[in-house]
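Residue-level structure breakdown
Letter by letter, the chains look like this.
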Amino acid sequence: MAGDEILVGQLDPASDRAVFRQIADHLREAIERGRLSPGDKLPSEAKLMDHYAVARMTVRNAIQELQTEGLVVSEHGRGVFVRPRPQVKRLASDRFARRHRKEGKAAFIAESEAAGAAPAVDMIQVTEAAAPADIAERLKVAPGEVVVVRSRRYSLDGRPVETATSYIPAELARGTQIMDANPGLGGIYARLEEQGHTLERFVEDVFTRMPTREEARLLLLGPGIPVFRLVRTAFDVNGRAVEVCDTVMSGDAYQLSYELPAH
């Protein structure tokens, strides 16, 4: 639906709610009810001013409120658009299933295919560095011990949605494809299992917060968009922690779904 066609709301002069907030309420409702879809352009400032008989600053305050909530994005010289939300349903009970690795798919590839989105990875760096204290504790290595660090950024349909940094004990990574930018089909978990470290379980801790300035830059996040920080530890059948992955995920690109046993 064209943005101009949603201009049906009227201001309530008896309301104690600020005028700019009433305008924001009308536009928000249009987005939530699907009258404005992701990627649709909002009515211009001039048309909003004319419809509501308000000053330009009032309209701008209304738009700013929606931007702060992460509902819209402003593109210089083009206008204001409903923020696209290419959401991936992250099934924690399925994404690391061994069948994906046997098919040569890392978890992100399997998720992307399920969402019908085109995956991409860039900003890949592989280094060796001292393990941060919290990572060392999860890996059960000495504080400051050198580990292999793999960092990268993931995108869906050209939009960055996630950054991830993996920490692997150096003796498990050196001399293997884990040290390469492309670790091969099935990703680093397939390479670990080829060494005999058959994976048995994963432990994930999930936090929510607002992004740092650098995270907002890397993930192209506008005001009001939170992130998930998900820290995952992978254990082999002998109970050894073989990797810790510290992931920052755009909060409006993911739905986290967990199946929990009742026994």
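Just so it is clear, the structure is predicted and the values come from calculations on it, not from any experiment.

Some words on the packing of aromatic side chains
One pass over the full model with this rule turns up one aromatic pair. Here the aromatic rings of Y189 and F202 are separated by 5.4 Å at their centres, their planes lie at 45°, and the arrangement is tilted. Of the two residues, Y189 sits in helix α8 (residues 187-194) while F202 sits in strand β7 (residues 199-209), which places them 13 residues apart along the sequence. Y189 sits in the buried class, given a relative accessible area of 7%. The class for F202 is partly exposed, based on a relative accessible area of 25%. Directly above the ring of F235 sits R201, whose terminal nitrogen or CZ lies 4.1 Å from the centroid.

Concerning the side chain of H197
Looking at the secondary structure, you find H197 in the loop between α8 and β7. Once residues within four sequence positions are removed from consideration, H197 is found in contact with L172, L192, D236, R240 and V242.

Considerations on the pattern of salt bridges
Charged atoms that come close allow side chains of opposite charge to pair. In the structure shown here, the tally under the stated rule is 20 salt bridges. A salt bridge links E29 to R33; its shortest N-O distance comes to 2.9 Å. Relative accessible area serves as the criterion here: at 33%, E29 is assigned to the partly exposed category. Among the ionic contacts, a cluster of salt bridges with common partners joins R17, R21, D25, R28, E65 and E69.

A word on the sheet that holds strand β4 (residues 119-130)
Pairing is antiparallel in the open sheet, where six strands are placed in the order β4-β5-β6-β9-β8-β7. This sheet does not close on itself; its edge strands, each paired only once, are β4 and β7. Each neighbouring strand pair of the sheet contributes to a mean axis angle of 15°, computed without reference to strand direction. Of the strand pairs in this sheet, β7 and strand β8 (residues 227-236) are connected by 10 bridges, and their pairing is antiparallel. What sits directly across from E204, in β8, is R232.

Reading the values: rules and limits
- Residues numbered from 1 in each chain as written.
- Predicted model: local features only at pLDDT ≥ 70, side-chain atom pairs only at ≥ 80, totals over all residues.
- Heavy atoms only, no water.
- Phe/Tyr/Trp six-rings, centres within 6.5 Å; stacked < 30°, edge-to-face > 60°.
- Helix = DSSP H or I, 4+ residues; strand = E, 2+ residues; numbered from the N terminus.
- Buried < 20%, exposed > 50% of the residue type's maximum accessible area, 1.4 Å probe, protein only.
- Lys NZ or Arg CZ within 6 Å of the ring centre and 35° of its normal.
- Contact = heavy atoms within 4.5 Å.
- Salt bridge = Lys/Arg side-chain N within 4 Å of Asp/Glu carboxyl O.
- Pairing = 2+ DSSP bridges.
- Axes fitted to C-alpha atoms, helices over the stretch in contact; angles between N-to-C directions.

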